[in-house]
Amino acid sequence: MSVVKEISAKAKQVQRGYAGDADRPLAGYVGLMGAYGTVVGGLTALGRVLGKRLPTRFGVGDTVLLGTATFKASRLLAKDAVTSPLRAPFTRYEEPAGDDELNESVPGKGHVEHALGELLTCPFCLNVWIGTGLAAGLVIAPRPTRLAATVLTAVGLADALHLLYDAGKKLASG
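As the structure is a prediction and not an experimental result, all values here were calculated from the model.

On the surface, a cluster of nonpolar side chains totalling about 290 Å² of accessible area is made up of Leu46, Val49 and Leu50. Mapped onto the fold, Leu50 is located in the loop between helix H2 (26–49) and helix H3 (60–79). On the accessibility criterion, Leu50 (46% relative accessible area) is partly exposed.

The geometry of H3 relative to helix H7 (residues 142–173) is characterised by a closest axis approach of 8 Å and an angle of 65° between their N-to-C directions. You can see that H3 and H7 cross each other, and the crossing is left-handed. From H3, Asp62, Leu65, Leu66, Thr68, Ala69, Lys72 and Ala73 reach across to H7, where they touch Arg146, Ala149, Thr150, Leu152, Thr153, Val155, Gly156 and Asp159. Taken together, the residues that form the contact of H3 with H7 break down as seven nonpolar, four polar and four charged.

Cut-offs used in this document
- Residues numbered from 1 in each chain as written.
- Predicted model: local features only at pLDDT ≥ 70, side-chain atom pairs only at ≥ 80, totals over all residues.
- Heavy atoms only, no water.
- Patch = residues over 30% accessible without salt bridge, like charges linked within 9 Å, V, L, I, M, F, W, Y side chains within 5 Å.
- Areas by Shrake-Rupley, 256 points an atom, 1.4 Å probe, with all protein chains shown as cover.
- Salt bridge = Lys/Arg side-chain N within 4 Å of Asp/Glu carboxyl O.
- Helix = DSSP H or I, 4+ residues; strand = E, 2+ residues; numbered from the N terminus.
- Buried < 20%, exposed > 50% of the residue type's maximum accessible area, 1.4 Å probe, protein only.
- Axes fitted to C-alpha atoms, helices over the stretch in contact; angles between N-to-C directions.
- Left-handed = near helix turned anticlockwise from the far one by under 90°.
- Contact = heavy atoms within 4.5 Å.
- Nonpolar A, V, L, I, M, F, W, Y, C, P; charged D, E, K, R; others polar.

Have a look at this one:
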């Protein structure tokens, strides 16, 4: 038996042992992990080519800025109605989720499409990718990254203020 066939047989055995009769997209997850590793490796190589060095530490301000920007960007990409065309090839619209967010499901397509659909509809899952990109941006191109992160943070704070305002109006009238 060839090496490829042996690996494929072992992968199918692991899949059956893990998921039983459920169709879990393990192959798609492996592909996404490989893509993430490739992106991190590419960003590392780009930083080296450009002569960038990792800072000895990130300050609290940058960490809060990146955390807030990562939160807002992941919600924007995973849930916002305006970004639904990016998710549409991998998801199915279900219903509005309030405050300009959508609930979408991930159809049982192939493993890669299903895994991508799960990634694109999960703000928690997107956090890793977006946070990595923003952190790399602080090293490779700090000024534009801080600008983008500041805009995302301002939008996130404005969203929170809108929600607080609406909640206050409901309390005042109820």
